[in-house]
Structure formats: C-alpha cells, structure tokens
Amino acid sequence: MAVKFYSDDELAELQAVPKMVTNPGARWVSKPGHRQRNFQVIAGDMDEIALAIYQRQGELDDDDFSCGIAFLPPGGTRLTLARYNGPSHIHGEIEFRPHIHHATARAIAAGKKPESEADETDRFNTLDGAFRCLLEDFHVSGVVPPEPDQGRLL
C-alpha cells in the first residue's frame, strides 16, 4: 500500500486533537522478552480518527521500555506519530538516555521510518513517566495518568 506524505502541519494537527482511550482497562500481555499492553483511542467530533497507544517493558532491563502512539487511517498504512524510549540503547548521538521519537514530513518524504528522528529528554526515566508524557503531549484522556517521575539518582 502506498504511503501518504503527511505535512508537518497535518502531523501537528494529529497531535493536537483531543483523544479518548476507549479501553482504559487494557491488560498486560506477556510476550517473548517483554510485556505489553495496547490501548484503543478515538479522536475528533464524530470519533472519526482511530489511533493506538502501546506500552512495552523489557523483562531483563528496567531501562528497556517504550510507549508510542500511532494513527490508523481508514484503508491506509499505520503511522507512528511518536515513541518515548528508555535509556537502554544508543540512538545516533543519544547514548543511553531517554529520548522521544517524532514523526516528521522530512523523514516520510525521505522514505525513512516516519518517527526516525529523536530528541534526548529529561522529562521521564521510567515507563510510567514516559506514558504520562505521551498522554500530556497528545492530549489523551480516558485513562488515569501515572504520577510524574522523580529525578534520576546518579
């Protein structure tokens, strides 16, 4: 299926629209090497926009976590809008620090993963903290946000 070339304005609009989780009681599922839970999300006046949010936690390393949000266009290709990753790996010049991946029009036009670009952050250091940031950044309601992370001890 052909990939739609989203503009940065369209991506910003998808981020800004208020969203609601429709399955706040989503359960954790064990998978090889990690556990995960998936939320279904709707947005728009007539619930015409479908999205998905996931949380994933590695079993062997507390720093190996990720949560993300994806747009599910009708009849189109899933588009990951953002991923909030723990400090378990190196991403470009970001070495073992939490970071946030954002979809950009430039990455989409270049044929890369839409969310290939990332910025280091000090806003979270746990999966709960990352999830809270995602809920805030993408205006998601319908699920109780976790408490904010405490500062990381050195």
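Everything numeric here is computed off the predicted structure, so don't read it as measured data.

Thresholds applied
- Each chain has its residues counted from 1, running along the sequence as written.
- This being a predicted model, a pLDDT of at least 70 is required before a residue's local features are given, and a value of 80 or more before pairs of side-chain atoms are given or counted; all residues contribute to the totals for chains, interfaces and linings.
- Each side-chain value is derived from all of the structure's non-hydrogen atoms; neither hydrogens nor water enter the calculation.
- When a carboxyl oxygen of Asp or Glu lies within 4 Å of a side-chain nitrogen of Lys or Arg, that pair is called a salt bridge.
- Secondary structure is summarised from DSSP: a helix means a run of H or I of at least four residues, a strand means a run of E of at least two, and numbering begins at the N terminus for each.
- For each residue, the accessible area found with a 1.4 Å probe, counting protein chains only, is set against the maximum for its type, and the residue is called buried under 20%, exposed over 50%, and partly exposed in between.

### Focus: the pattern of salt bridges
Scanning the entire structure with this criterion turns up seven salt bridges. The partner of Arg-97 in a salt bridge is Glu-120, and the shortest N-O contact between them spans 3.2 Å. Of this pair, Arg-97 sits in the loop between β8 (94–95) and β9 (99–102) while Glu-120 sits in strand β10 (residues 117–120), and the two are 23 residues apart along the sequence. Note on Arg-97: relative accessible area 30%, which makes it partly exposed. Overall, Glu-120 belongs to the partly exposed group, its relative accessible area being 47%. Arg-123 is paired through a salt bridge with Asp-137; the nearest N and O atoms lie 2.8 Å apart. Highlighted residues: Arg-123 in the loop between β10 and α3 (127–137) and Asp-137 in helix α3, separated in sequence by 14 residues. Looking at Arg-123, the relative accessible area reads 36%, which means it is partly exposed. Residues joined by salt bridges that share partners form a network here, namely Arg-123, Arg-132, Glu-136 and Asp-137.

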